[in-house]
Amino acid sequence: MSEVPVPEAPAAVLPRVSARRPVLVAVATLVGAMVIGVSVGPADISLPTVFSALAGHLPLIHYHSHTSAIDWDVIWQIRLPGVVLSGLVGAMLASGGAAYQGVFRNPLADPYLLGVAAGAGLGATIVIVESSGVDVSQVLPFAAFAGAVGAVTLTYLVGVTSGRRASTASIVLAGVAVAALLTAIQTYLQQQHEPDLQGVYAWILGSLGSASWSDVTLILPYVAVSAVVLLLHRRLLDVLRVGEDEAGALGIHAARVRLTVVAAATLGTAAAVSVSGLIGFVGIIVPHTVRLLSNASYRVVLPVSMIGGAAFLILADVVALNVQAPAEIPIGVVTAFVGAPFFLFLLRSRRTGVL
Amino acid sequence: MIIFDEVTVRYGDDVALSGVCGEVAAGEWVGLIGPNGAGKTTLLRSIVHLVPHEGGTLVDNTPTDHMSRRALARQVAYVPQKPEFPAEMTVADYILLGRSPHIGYFGFERSKDHHVCATLLERLDLTHMAGRNLTTLSGGELQRLVLGRALAQEAPVLLLDEPTSALDLGRRVDALEIVDALRREHGLTVLSAMHDLTLAGQFSDRLILLSAGRVAAVGTPAEVLDETILTQHFGHQVQVLHSPDGELVVAPRRSS
């Protein structure tokens, strides 16, 4: 046997990539983003008022706040749920993107790769055009969620059964085909029901403006489970970086890892888009920003993308809600308009060693 | 010890390997030689279940057919011909990948894994590079590191696919000397596909000559490195010379 002897005196600890510093930086950014998120808005509430109001409502702390009931309602019913929901959606889209990039070993993979967006879009469109004016806001998330999960399931079944083995290429190509087909159906439906065009369009471009605590409780379980499963795969995603063959020789069943990660990321992403609409770019820009600023190891990329994605979307939502207040800019437009140039800047300056 | 029994691999209608049998005794180094396309890589890959195949492999008399990937990776380590070196991965992170077969699905490296890898880096003279990115290493250093990753698996059987093809003559001999030294230190069983027939003869206890997916010859280097056999299977005139210190040197003859 080839037992390598363990030395009596412990050998020097191997210098490993540590996620601690990037995670701390990301947490600080997230806290800053949350402070901005709860204190900036069309209603002019000062930052001290916000803190005083929050402190007054903390359990176990007997602090009497002088915040008016209206201010409190704005903070508690509008701003906080908006911040929390943006954070959950951003965390999910960014970590889902990172995980997809890992299992498909493709830097351009994002959480919409296998049809989540097209399926959700079709589900939402069907409900909007069939509702004929009735308020569908209660049903919409479920239709979008079902469409998203259905589309990825279809992609996976087609991709795995075509070709000799369940290669990543056949799954990705099946995703392209399924997304194209569902988008075609969605576009057709949308054109046939012109009066609903505005509603469909608004949903597709994404909005977190009318976020409520019920949206948060609706998606929280999915996002939480998905986040835990993805984080638990961070070591395995690093093994997959040497390719499927070598990972296989190292004892890793790549197809199994891929299925688990895709299932988890799909559930979380489907839940996220079901309440937010199709917000683009987050899943690509955030993980790559982490790679450029810090490290390409998934031990860093996954947790930091999760936290950084939350911060990014909270800030994007602040911009979306306030730049043209009281009108709301679609948040998908903001993420692309602000995110893409920032990403290009990073790409040009390459590793700057900021984190 | 490893036995392969009637291993057959088909790619569609093409038969890449046809009923290949053979064995490598515990602690032995067997060189796998043969022309391009003879099936050397396919045989190694079928042993670690990376290609669908008929027939089977036994490691220490245990069939590997129903072993999980993880259990197999604790028995057999495999160094591919062209390993992938991810950009922005450190030497320490890379060698720790070799501990995967010993870590549970959701698990992470423990101090034992660190000890094993730190010891190997020391042995391979790579300790001072532990924190460096793979992109900063030379070809010879990368080759030692891949070997280190395979040894970190602590598997009794080591499969090498053309381990020295990317190296210059000096680094080639260095790399094979290290494999040989580690084989003796850890009692490894080595099956190595090799292009350089002279080096194959110098380092192997026995040679298996594959040709067109079949075993064409098995035996000691002196038996297999025969002008007639090599000329027939490599499709080119070959001469086998005897160096003054008794080693076999295989050299091609010019056609003209």
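On a predicted model such as this, the values are computed, not experimentally measured, just so you know.

The subject of this paragraph is the confidence of the model for chain B. Any residue range with low pLDDT should be treated as having predicted coordinates unsuitable for detailed reading. Residue-level pLDDT values for chain B average 91, and 100% of them are 70 or greater. The ipTM, which scores confidence in the relative placement of chains, is 0.91 for this predicted complex, and the corresponding pTM is 0.88.

A few words now on the interface of chain A and chain B. Opposite the 31 residues of chain A that make contact, chain B presents 38 residues. For the side of chain A that touches chain B, the element with the highest residue contribution is helix α10 (residues 244-249) of chain A, accounting for 4 residues.

Another aspect to go through is the sheet that holds strand β9 (residues 206-211) of chain B. Residue and element names in this part refer to chain B. Strand order in this open sheet of 6 strands is β6-β7-β8-β3-β9-β10, and the pairing throughout is mixed. The two strands at the open ends of the sheet, each matched to only one other strand, are β6 (76-79) and β10 (214-219). Across this sheet, the average inter-strand angle for adjacent strands is 15°, counted without regard to direction. On the sheet, helix α1 (residues 40-47) packs against β3 (29-33), β6, β7 (157-161), β8 (189-193) and β9 and is oriented at approximately 145° with respect to β7. Across the sheet, helix α5 (residues 139-152) lies against β6 and β7, angled at about 165° from β6, the strand it touches most.

Here we come to unusual backbone geometry. Residue and element names in this part refer to chain B. At Glu154, a residue that is not glycine, the phi angle is positive and equals roughly 50°. Mapped onto the elements, Glu154 comes out in the loop between α5 and β7. Residue Glu154 is classed as buried on the basis of its 20 C-beta neighbours within 10 Å.

Further remarks concern the nonpolar core. A general trend in soluble globular proteins is that nonpolar side chains are found buried together. In this structure, Val116, Ala148 and Ala272 of chain A together with Val76, Ile95 and Leu159 of chain B are the most contacted members of the largest nonpolar core, which totals 180 residues. When residues in this core are grouped by element, the largest group, 17 residues, is from helix α13 (residues 298-322) of chain A. Those residues in contact with Ala148 of chain A that sit more than four places away from it in its chain are Val116, Gly119, Ala120, Gly123, Ala270 and Val273 of chain A.

A few words now on the sheet that holds strand β2 (residues 14-24) of chain B. Residue and element names in this part refer to chain B. Taking strand neighbours across the sheet as the criterion, the 4 strands line up as β2-β1-β4-β5 in an open arrangement whose pairing is antiparallel. What marks the edges here is a single partner per strand, and that holds for β2 and β5 (62-63). Across 7 bridges, strand β1 (residues 2-11) lies against β2 in antiparallel orientation. Bridging across to β2, Ile2 finds its partner in Val24.

Turning to the confidence of the model for chain A, a few remarks are in order. For chain A, the mean per-residue pLDDT works out to 85, and 92% of the residues sit at or above 70. Contacts from residues 6-10 of chain A, a stretch scored under 50 in pLDDT, to residues over four places away or in other chains number 5 contacts.

This part takes up the packing of helix α12 (residues 282-293) of chain A against helix α14 (residues 331-349) of chain A. Residue and element names in this part refer to chain A. Contact geometry for α12 and α14: axes closest at 10 Å, N-to-C directions at 25°. When the interaxial angle is binned, α12 and α14 end up roughly parallel. Judged by the sense of rotation from one axis to the other, the crossing of α12 with α14 is left-handed. Residues Val282, Ile285, His288, Thr289 and Leu292 of α12 form the contact with α14, whose own contacting residues are Thr335, Gly339, Phe343 and Leu346. Class assignment for the residues of the contact of α12 with α14 results in 5 nonpolar, 4 polar and no charged.

All right, on to the environment of Pro244 of chain B then. Residue and element names in this part refer to chain B. Tracing the backbone through its elements, the reader meets Pro244 in the loop between β11 (238-242) and β12 (248-252). The exposure class assigned to Pro244 is exposed, which follows from the 5 C-beta atoms found within 10 Å. Along the primary structure Pro244 and Ala193 are separated by 51 residues, whereas in three dimensions their C-alpha atoms are 27 Å apart.

A regular strand places its side chains on the two faces of the sheet in alternate fashion. Residues and elements named next belong to chain B. Most of β3 sits inside the fold, with 5 of its 5 residues counted as buried. Burial of the side chains of β3 extends over both faces: Trp29, Gly31 and Ile33 are buried on one face and Val30 and Leu32 on the other. Note that β3 and β8 share 4 bridges and pair parallel. If you follow Gly31 over to β8, its bridge partner there is Ser192. Strand direction decides the pairing type here: β3 and β9, joined by 4 bridges, are parallel. When the bridges of β9 are listed, Leu32 appears paired with Ile208.

Here is what the cut-offs are and how they apply
- Residues numbered from 1 in each chain as written.
- Chains lettered and ligands numbered in written order.
- Predicted model: local features only at pLDDT ≥ 70, side-chain atom pairs only at ≥ 80, totals over all residues.
- pLDDT = per-residue confidence, 0-100.
- Contact = placed C-beta atoms within 7 Å.
- Helix = DSSP H or I, 4+ residues; strand = E, 2+ residues; numbered from the N terminus.
- Pairing = 2+ DSSP bridges.
- Axes fitted to C-alpha atoms, helices over the stretch in contact; angles between N-to-C directions.
- Buried ≥ 20, exposed ≤ 12 C-beta atoms within 10 Å, placed from the backbone.
- Core = buried A, V, L, I, M, F, W, Y, C linked by C-beta atoms within 7 Å.
- Parallel < 35°, antiparallel > 145°, perpendicular 65-115°, else oblique.
- Left-handed = near helix turned anticlockwise from the far one by under 90°.
- Nonpolar A, V, L, I, M, F, W, Y, C, P; charged D, E, K, R; others polar.

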